[in-house]
Structures are given as C-alpha cells and as structure tokens.
Amino acid sequence: MTQIVQESIDLKPEAITKKDITIAWLRWYYANEIPHSFDRYLAASLMWGLMPILKKLYKSKSELAAAYQRHLLFFNTQITWGGGTISGIMASLESVRADEVYQNKPISIDNDVLYNTKAGLMGALAGIGDAIDSGTVQYIFIAIALPWAQEGLAIGALFPFFAFVIYQLFVGYYFAQLGFKLGRNAATEVVGNKMQMLIEGLSILGLFMMGILAASYIKVSSSLKFTLSGKDFVIQNTLDKILPGALPLIVVMGLYFYFSQKGLKVTRALVGLTIILGVLAAIGIL
C-alpha cells in the first residue's frame, strides 16, 4: 500500500511558473529555424521549447513520450506573435491535461484539441506577426539607422539588427506569458481592440517612415531651364518653391500604382524605371 501511494506522489505534475514559460519561449526563439524540415517545418523547435515544461508535467515515460509526439506534428508560424502566444497556450493546455491524467479524470484536452488549437492559430497569428515585425517594425529600425550608415558609423549597420532582436525578445516574452495566463482565450486578446489599435498605429508610423525615406534618399531633380525675356528660369528651383520633393514623390507614387496594377514585379519595374529616367536625362529633362 505504501508503494502505491509513493508512486502516485511521484507522478504528480509540478506547478508551471513564469520562469518556466520564459525558458520555453527563449528555447523556441533560439531553435526556431535550426531543425526546420519540409514535413514538420518548425514542430521540432516548438517541442524542444516545451520539453522542460512537459518533463515537469508528465513523470511517466509513456505519457512524456506521447506528449513529445503530440508536438512533433506539422507546425509553422511567425516567431513572436505566433510562436510566443502558441507556446504559452500549449503550456497552459498541457497543464490542464496533465492534471486530468494524474487524477484519472476524463481527458477534455485530447490530442485533437491541442493540434486543432495550434492549427487554427498558427496561420492567423503569423499573418499579423509578419505584417508588423517584418513589414513595419524592422524597417522603422532601418530608417532610424540610415543616417548613421551614411556617415560611415558602424552603429548604422548594427543598430537595426540588435534593436529588432531585443524587440522580438520582449514581444515574444509578453505573448508567451499572456498565452499561458489566458489559455485558448489568449488569441482573442492578441487580435482584440487594443492590439488592433497598436497595429494601426505601427502601420501609420511605418508609412511616415517610408515617406521620410523617400523624401530623404530618393534623389530625382530636373536640369531643365530656359530663358524668357532675358531672365533664366530653372525648373527645379520653381518646383522647390512650390512643392519640395515633387519629383521623388512622382517616382514613388508611379512605382506604387505600377505595383498595384501589375503586381510586385520588382525587376521589371527597376528596368523600366532605369530606361525612363535614362531617356529623360538624355534629352535634358532630368
């Protein structure tokens, strides 16, 4: 009888702490692309991130092995918004499941619930994360560092990299803790009104930064001038008085409308733009 009680105590799941979630997030972040494969994509990274938590929850070798297998099915998402949130949610759901297994209760968090939760969230959260992290925040850091790079300062090359890494670490940490705290309801919080306001704000800031970049680093000017009643008229001087940066703006907007009509055919756009600007320069307009 004593032996049975001792075995029951040994199988009891340990409590999962904020430190455990932080370690899981850091392990996922570190291993994100290392074991990337065509059949499982990033599943091995997620499983490796969750390993310390799963070892605390499942003391039986068979249950632990089954848990590893559950998280080796196909998985692919963005590293912070998707991976951070889902790693926290998986830790939360596995905690509930481990307690049910230990107490011999009916399993409400079965394999299908776990995988369907991941499958339902990984695409949606990846879309948000890619648009914000890779499509907006990354370029804001690059825009900040461009003046330093033009001056030949090493920080101009290093700042975007380190700033983006630090940003991702903190954002992923927040979403991992949120995912564990709220469980499957975390996804509602991530795409809720507050997050939508943050996303819109970052998008607007990104547009401002792109406008600043276009005005500062796209150099297009007109060399056209003529004499009227003995007075020289320089077209570029007139444009600068009416609307400074008018020609760079025309080039940028022209490319925008081309991409919106023809799709993102970058090489064709570059070749066409080079030919047009070359012809205009040859006849003395630019």
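Residues numbered from 1 in each chain as written. Predicted model: local features only at pLDDT ≥ 70, side-chain atom pairs only at ≥ 80, totals over all residues. Heavy atoms only, no water.

Engineer: Can you explain the nonpolar core? Please cite residues and give values.
Structural biologist: Ranked by internal contacts, the top residues of the largest apolar core, which has 35 residues, are Trp28, Ile53, Leu54, Tyr58, Phe75, Ile86 and Met90. Broken down by secondary-structure element, the contributors of at least two residues to this core are α2 (18-31), α3 (43-57), α4 (61-70), α5 (81-102) and α6 (111-150). With eight residues, α3 is the largest single contributor of residues to this core. In contact with Trp28, not counting residues within four places along its chain, are Leu42, Ser45, Leu46, Gly49, Phe75, Thr77, Gln78, Ile79, Gly83 and Gly84. Trp81, Ile128, Phe141 and Val171 belong to the second-largest nonpolar core, a separate cluster that totals 11 residues. (Core = buried A, V, L, I, M, F, W, Y, C linked by side-chain atoms within 4.5 Å. Buried < 20%, exposed > 50% of the residue type's maximum accessible area, 1.4 Å probe, protein only. Helix = DSSP H or I, 4+ residues; strand = E, 2+ residues; numbered from the N terminus. Contact = heavy atoms within 4.5 Å.)

Engineer: If you had to explain the side chain of Ser95 to someone new, which residues and values would you point to?
Structural biologist: Residue position: Ser95 is located in helix α5. Within polar-contact distance, the side chain of Ser95 engages the backbone oxygen of Ala91 at 2.8 Å. Leave out the neighbours within four places in its chain, and Ser95 touches Ile16, Leu57 and Phe180. (Polar contact = N/O pair within 3.5 Å; in protein donor to acceptor, adjacent residues only side chain to side chain.)

Engineer: Can you tell me about the packing of aromatic side chains, naming the residues and giving the values?
Structural biologist: Taken as a whole and judged by the stated rule, the model has 11 aromatic pairs. Geometrically, the ring pair formed by Trp28 and Phe75 is edge-to-face, given 5.9 Å between the ring centres and 65° between the ring planes. Here Trp28 is found in helix α2, whereas its partner Phe75 is found in the loop between α4 and α5, with 47 residues between them in sequence. With 4.8 Å between their ring centres and 45° between their planes, Trp81 and Phe175 make a pair best called tilted. Here Trp81, found in helix α5, pairs with Phe175, found in helix α7 (residues 155-182); they are 94 residues apart in sequence, far enough to count as distant. No difference in accessibility class separates Trp81 from Phe175, as the two residues are buried. Three or more aromatic residues joined by ring pairs form one cluster here, namely Phe141, Trp148, Phe159, Phe164 and Tyr167. Of note, Arg27 hangs over the ring of Trp48, and the distance from its end group to the ring centre comes to 3.7 Å. (Phe/Tyr/Trp six-rings, centres within 6.5 Å; stacked < 30°, edge-to-face > 60°. Lys NZ or Arg CZ within 6 Å of the ring centre and 35° of its normal.)

Engineer: Break down the pattern of salt bridges for me, citing the residues and quoting the values.
Structural biologist: It is possible for side chains bearing opposite charge to pair when their charged atoms get close. In the structure shown here, the tally under the stated rule is four salt bridges. For Glu14, the salt bridge goes to Lys59, with nearest N and O atoms at 2.4 Å. Within this pair, whereas Glu14 is found in the loop between α1 (2-10) and α2, its partner Lys59 is found in the loop between α3 and α4, the two being separated by 45 residues in sequence. Note that Lys56 and Asp20 form a salt bridge whose closest N and O atoms lie 2.8 Å from each other. (Salt bridge = Lys/Arg side-chain N within 4 Å of Asp/Glu carboxyl O.)

Engineer: Tell me what's going on with the side chain of Thr80, and back it up with residues and numbers.
Structural biologist: Tracing the chain through its elements places Thr80 in the loop between α4 and α5. By relative accessible area, Thr80 is classed as buried at 0%. Sequence-distant contacts of Thr80, that is, excluding residues within four places in its chain, are made with Trp25, Thr85, Asp133, Gln168, Val171, Gly172 and Phe175.

Engineer: Which residues make up α7, and what values go with them?
Structural biologist: Taking 1.5 Å as the rise per residue, α7 with 28 residues should run 40 Å; its terminal C-alpha atoms sit 39 Å apart, in good agreement. Just past α7, the residue Gly183 takes up positive phi, approximately 65°. (Expected span 1.5 Å × (residues − 1).)

Engineer: Just give me the short version of the confidence of the model for the chain, but keep the residues and values in it.
Structural biologist: In the predicted model, the chain carries a mean pLDDT of 79, and 74% of its residues have values of at least 70. In the model of the chain, α1 stands out as the element of lowest mean pLDDT, 48, in contrast to α2, which has the highest, 94. Note that pLDDT drops below 50 for residues 1-8; the model gives that stretch one contact with residues more than four away or on any other chain. (pLDDT = per-residue confidence, 0-100.)

Engineer: How would you explain the packing of helix α11 (residues 246-262) against helix α12 (residues 266-282) if you had to name every residue and give the values?
Structural biologist: Interhelical geometry of α11 versus α12 gives an angle of 140° and a closest axis separation of 11 Å. The orientation of α11 with respect to α12, classified from their angle, is oblique. α12 is crossed by α11, and the crossing has right-handed handedness. Taking contact as the criterion, the partners of Val251, Leu255, Tyr258 and Phe259 in α11 are, on α12, Val266, Arg268, Ala269 and Leu273. Across the contact of α11 with α12, the residue classes tally to seven nonpolar, no polar and one charged. (Axes fitted to C-alpha atoms, helices over the stretch in contact; angles between N-to-C directions. Parallel < 35°, antiparallel > 145°, perpendicular 65-115°, else oblique. Left-handed = near helix turned anticlockwise from the far one by under 90°. Nonpolar A, V, L, I, M, F, W, Y, C, P; charged D, E, K, R; others polar.)

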